[in-house]
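# Summary of the model geometry
The chain contents come next:
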Number of protein chains: 2
Amino acid sequence: MMNSDGALDYEASLDQDERIDLRLWLRLLTCSTMIERKVRAGLRREFNTTLPRFDVLSQLDCAADGLTMRTLSHHLMVSPGNLTGLVERLAGEGLLSKQSDPNDRRSFLIRITTRGKAFFDRMTPANHAWVSGSLADLSIEEKMTLFDALGRLKQSAGRAQST
Amino acid sequence: MMNSDGALDYEASLDQDERIDLRLWLRLLTCSTMIERKVRAGLRREFNTTLPRFDVLSQLDCAADGLTMRTLSHHLMVSPGNLTGLVERLAGEGLLSKQSDPNDRRSFLIRITTRGKAFFDRMTPANHAWVSGSLADLSIEEKMTLFDALGRLKQSAGRAQST
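Residues numbered from 1 in each chain as written. Chains lettered and ligands numbered in written order. Predicted model: local features only at pLDDT ≥ 70, side-chain atom pairs only at ≥ 80, totals over all residues. Heavy atoms only, no water.

Take the side chain of Ser32 of chain A next. Structurally, Ser32 of chain A is set in helix α2 (residues 16-47). Among the residues examined, Ser32 of chain A registers a relative accessible area of 3% and is labelled buried. Setting aside chain neighbours within four positions, we find Ser32 of chain A in contact with Trp25, Leu28 and Ser32 of chain B. (Helix = DSSP H or I, 4+ residues; strand = E, 2+ residues; numbered from the N terminus. Buried < 20%, exposed > 50% of the residue type's maximum accessible area, 1.4 Å probe, protein only. Contact = heavy atoms within 4.5 Å.)

As structure tokens, this is what we get:
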């Protein structure tokens, strides 16, 4: 926005609070993209897999009773439509199972299989190392400060989502 | 990871520093996903467009002399392959132009058109409002604290990228 007059005028019209908002958002996005790239690259290189696949297994690993498609898509913050193909492929590879939901015959319960769990457990320590590596230069105090500040942001953004 | 013994053992084996790393990363990802969803939903609803389209126009709006595909893909942190189709479609709609790069005949310079700029300038204040709305509950001091803490994280993650 720095080389075009219209945008410059618009930028100049912003007050300090508005300018910090945009810069904060861009920095937040840069940080999460950088760590995500590190994780994506590692998953591809070391496990020949993708982040969405890892994320699905991660969610199912936390849910001994299985998850409905609806809950899984809610946890992953993606639409059920975008998830269907991925779940079918993971089921085809024996990493998860689909069974009719006893509470709702039209719906499925999705569970991680023994094989899926073994695969996930191999990836977990590596994922940990990639994330920790990205945070390695921060002291524990700096991490706590950031964690608390992000907690406030999460609250604020959550309130804004519903408006 | 709370309902499976193997994962519980692994979780239990983590020290405090390692556990905060994962929680911090998940919270960071949640925050950026929440704001991104707000922006995506607004762009779709009010301008019938997508975030990748907005991001391309945003980058070009900052570059009066145009950008090569290589630089654009670097700024957006996506591969040139993933960008090609999008750039072609935006060019087809007259929102950007592609011209041979005078410094490298095999390469193109991409520029925003007057029409693209007019469209982008309509979206900018709305984008601003969605982002500011997500941050509305934070004081200016809280925003500065978060901004600085993310600056440290960005440095740390940048160093980790290259290792």
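All names here are of chain B. Read across the sheet, three strands follow the order β1-β3-β2 without closing on themselves; strand pairing throughout is antiparallel. On the outer flanks of this sheet lie β1 (67-68) and β2 (96-101), each paired with one strand and no other. Here β2 runs beside strand β3 (residues 104-112); their pairing, made up of six bridges, is antiparallel. Its bridge partner lying in β3, Asp101 is registered against Asp104. Helix α3 (residues 51-61) contacts β1, β2 and β3 of the sheet and is inclined by roughly 100° relative to β3. (Pairing = 2+ DSSP bridges. Axes fitted to C-alpha atoms, helices over the stretch in contact; angles between N-to-C directions.)

Here the focus is the confidence of the model for chain A. Residue and element names in this part refer to chain A. The pLDDT averaged across chain A works out to 88; a share of 90% of its residues lies at or above 70. Taken element by element, chain A is modelled with least confidence in helix α1 (residues 5-12), mean pLDDT 49, and with most confidence in helix α6 (residues 114-134), mean pLDDT 96. Confidence drops under a pLDDT of 50 for residues 1-8, and excluding neighbours within four residues, the segment shows 17 contacts in the predicted structure. As a predicted assembly, this complex carries a pTM of 0.82 together with an ipTM value of 0.82. (pLDDT = per-residue confidence, 0-100.)

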